[in-house]
Amino acid sequence: MSGHGQGETGADAIWTTLTEEGVDVVFGYPGGAIMPTYDALSRHSTHHVLCRHEQNAAHMADGYARASGRVGVAIATSGPGATNLVTGIATAMLDSSPIVCITGQVPSSLIGSDAFQETDITGVTLPITKHNYLVTKAEEIAPTIREAFEVARSGRPGPVVVDITKDAQLGHAPRTEPGPRREARRPARPLTDADLDAAAAMIDRAERPLLFCGQGIVKAEASEALTALVERADLPVACTLLGLGGFPATHPRNLGMMGMHGEAWVNEAVQRADLIVALGMRFDDRVTGNLATYARGARKIHVELDPAEIDKNVRVDLPLVGDVRAVLERLVPRVAPAKRAAWNDTLGALRADAEAHDVLRIPDEGRLLGAHVIGDLYALTGGDALVVSDVGQHQMWEAQYYKHDRPRSLLTSGGLGTMGFALPAAMGARFARPDDEIWVVVGDGGFQMSAPELSTCRQEGLKVNIAIINNGFLGMVRQWQELFYERRYVATPMMGPDFVKLAEAHGLAGRRVERRDAIPDAVAFARQSEGTVVIDFRVQAEDFVYPMVPAGNDLADMIRRPRGGAIQGGESRS
């Protein structure tokens, strides 16, 4: 600590307060306006991970938060350092991920003067944060960071930015002890026994009910309560992308994922249901399709912590505002035990019909498809891995073919759909879950957005396994071009480096796989190797994610794979 006799510096206060909040690792990149804080780090024990780009620092903090349920921390300098965080902050905001981003700022006397590397980062991030702060005095640093952590993790979680001027970091302030934690904001509409009784009565009367498992189930650790409701009333469950793992995929009542690339039988079930109970989800457009025709025959109960989500996209008959686990624990005893054999038999028949389209049911005939890689990876890992997927076709194949039985076993960018998310998020997750087997599932496009972090993996000695689903295209965009733009492949064919040599250039191991029968050996090699391993799966270039609901179409209006599993496009990846 400082020898000035005036307490600690503002820079020291940052690290002391982070330690008090239980932070043991931060992800960042130094620069001029944050230099006093980096200098102070030499006097503290917090582990700092030097990323290769600040956006990836935000994704690392986000991955840490999603994997652990705790607040992740990213740090950057002013100007370009701070603005590079923006995409990662927006990613966390749309997926309700609790991160705190600490940025340096020019001295307070220079604010507004267009000083070197000055950017109004609180103004820039106002629409994509739960809250943000500009701190100009050393004595404000500790209480502001404490409040930022409380805001980030309370209620509906989300990102918070704390921008700290250089003079505040250099200044001195007496050390203050943490005060009592603020009480979390209560819902605007308190939940009553009458509401719960009404919900139970609606469930009891329903002949074709359907539960929706959203990410709120994962965030609230409500899987056990959800399972209790399912088994008491024999209710089928459909999951959102971010809800996968919130209810065990192998449970007989789990139908799978709904929506644009959800299972065909799930989307048909939504349109046939007479009651939907939506649990911790927001009726995103990728879930609903055309709102005018969405589940018109169903009454709707919406259990949601954030009152702003009620009736925002879909009008509901009964809102239950509150923590989803607390609501379920009060609701379950009110629901009558039941068996719904007819409805579940109907869903089983829909499922059997749709599975006739499944590409994994036909011989591969020497082709290597993205679905093959994911399906075999699931079998070879026994479904026990923590998978971090990027954005694109491979993301949907992962959601369809890797069955997640545990919460927080799939991390992915859902709301913003951020390419480049997977590798840095997996690295952050490694610090949160040091003993888990971690696989990155990423396309060749998204991987090239964050590939420099391979050196961070090497420098930190991190172990993650990277499966590149390499089709030489921006695959999902190419799929849209084939379907809706007469196969005009503008700006989607993509060259890439030799990913095996790239891995080796970073001091890591790499393998290339071109046939399905080579998958087991490559996966075994990755699992047995000590460090990060890159596997370049050279899959067929022109393949589709099936089914697909075109944007704005009715949910039941799906493009389906032809029976027999025909592959769209004829040629294998060269």
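This structure is a prediction, so every number in the text was calculated from the model and none was measured.

Chemist: Before we move on, could you go through the overall build of the protein chain and cite the residues and values that matter?
Modeler: A count of helices and strands for the protein chain gives 23 helices and 20 strands. Taking 25 Å as the expected radius of gyration for a compact globule of 574 residues, we find that the protein chain reaches 25 Å, a close match to that expectation. In terms of overall dimensions, the protein chain has a C-alpha envelope of 75 × 65 × 40 Å along the principal axes. The burial tally for the protein chain puts 59% of its 574 residues in the buried class. Counting contacts in the protein chain only where the partners sit at least 6 residues apart, residues at least 24 apart contribute 75% of the total. For the protein chain, the exposed surface amounts to about 22100 Å²; the carbon and sulfur share of it is 51%. Within the protein chain, the 72 negative side-chain charges are centred at a point lying 3 Å from the centre of the 58 positive side-chain charges.

Chemist: An account of the sheet that holds strand S13 (residues 299-304) is needed here, citing residue identities and associated values.
Modeler: If you trace the six strands from one edge of the open sheet to the other, you get S11-S10-S9-S12-S13-S14, paired in parallel fashion. Two strands lie at the open edges of the sheet, namely strand S11 (254-257) and strand S14 (318-321), each paired on one side alone. Between one strand and the next, the sheet's axes are offset by a mean angle of 15°, whatever the strand orientation. Here five bridges tie strand S9 (residues 209-213) to strand S12 (residues 275-279), and the two strands are oriented parallel to one another. Within S12, the position partnered with Pro-209 by the bridge is Leu-275. Lying on the sheet, helix H11 (residues 223-233) is in contact with S9, strand S10 (237-239) and S12; it crosses S9 at an angle near 170°.

Chemist: Tell me about helix H21 (residues 475-484), and name the residues and values.
Modeler: Within the span of H21, buried status applies to Gly-475, Met-476, Arg-478, Gln-479, Gln-481 and Glu-482. Where H21 is buried, its residues touch helix H17 (393-401).

Chemist: Can you lay out the sheet that holds strand S5 (residues 99-105) for me, pointing to particular residues and giving the numbers?
Modeler: Taken together, the six strands give an open sheet; going across it, the order is S3-S2-S4-S5-S7-S6, and neighbouring strands pair in parallel fashion. Each having just a single partner strand, strand S3 (47-50) and strand S6 (131-135) make up the two edges of the open sheet. Each strand axis lies, on average, 20° off the axis of its neighbour in the sheet, ignoring direction. Pairing of strand S4 (residues 72-76) with S5 involves five bridges; the strand directions are parallel. Following the sheet pairing, Gly-72 is matched in S5 by Ile-99.

Chemist: Give a description of the layout of surface pockets that names residues and reports values.
Modeler: Of the voids in this model, the second largest pocket is the one considered here, and its volume is about 330 Å³. Taken together, the elements giving at least two residues each to the lining of the second largest pocket come down to helix H12 (264-272), helix H15 (341-355) and H17. The residue makeup of the lining of the second largest pocket, split by class, is eight nonpolar, two polar and eight charged.

Chemist: Now, about the pairing of S3: what can you tell me, with residues and values included?
Modeler: Here strand S2 (residues 25-28) runs beside S3; their pairing, made up of four bridges, is parallel. The partner of Phe-27 across the bridge, within S3, is Val-49. In the classification by handedness, the crossover that spans S2, the intervening helix H2 (residues 35-41) and the parallel S3 is right-handed.

Chemist: Describe the environment of Leu-50, with residues and values.
Modeler: Looking at where Leu-50 falls in the secondary structure, it is placed in strand S3. For Leu-50, a relative accessible area of 31% puts it in the partly exposed group. In this structure, the C-alpha to C-alpha distance between Leu-50 and Met-258, residues 208 residues apart in sequence, is 38 Å. Not counting chain neighbours up to four residues away, the residues in contact with Leu-50 comprise Gly-28, Tyr-29, Pro-30, Thr-456 and Glu-460.

Cut-off values and rules
- Residues numbered from 1 in each chain as written.
- Predicted model: local features only at pLDDT ≥ 70, side-chain atom pairs only at ≥ 80, totals over all residues.
- Heavy atoms only, no water.
- Helix = DSSP H or I, 4+ residues; strand = E, 2+ residues; numbered from the N terminus.
- Rg over C-alpha atoms; globule rule 2.2 N^0.38 Å.
- Buried < 20%, exposed > 50% of the residue type's maximum accessible area, 1.4 Å probe, protein only.
- Contact = heavy atoms within 4.5 Å.
- Areas by Shrake-Rupley, 256 points an atom, 1.4 Å probe, with all protein chains shown as cover.
- Lys, Arg positive; Asp, Glu negative; His and termini not counted.
- Charge placed at Lys NZ, Arg CZ, Asp CG, Glu CD.
- Pairing = 2+ DSSP bridges.
- Axes fitted to C-alpha atoms, helices over the stretch in contact; angles between N-to-C directions.
- 1 Å grid on protein atoms, 1.4 Å probe; cavity = no way out; pocket = protein on both sides within 12 Å on 5 of 7 lines; lining within 4 Å.
- Points joined across faces, edges and corners; volume = space filled by probe spheres on them.
- Nonpolar A, V, L, I, M, F, W, Y, C, P; charged D, E, K, R; others polar.
- Right-handed = clockwise from strand over helix to strand, strands pointing away.

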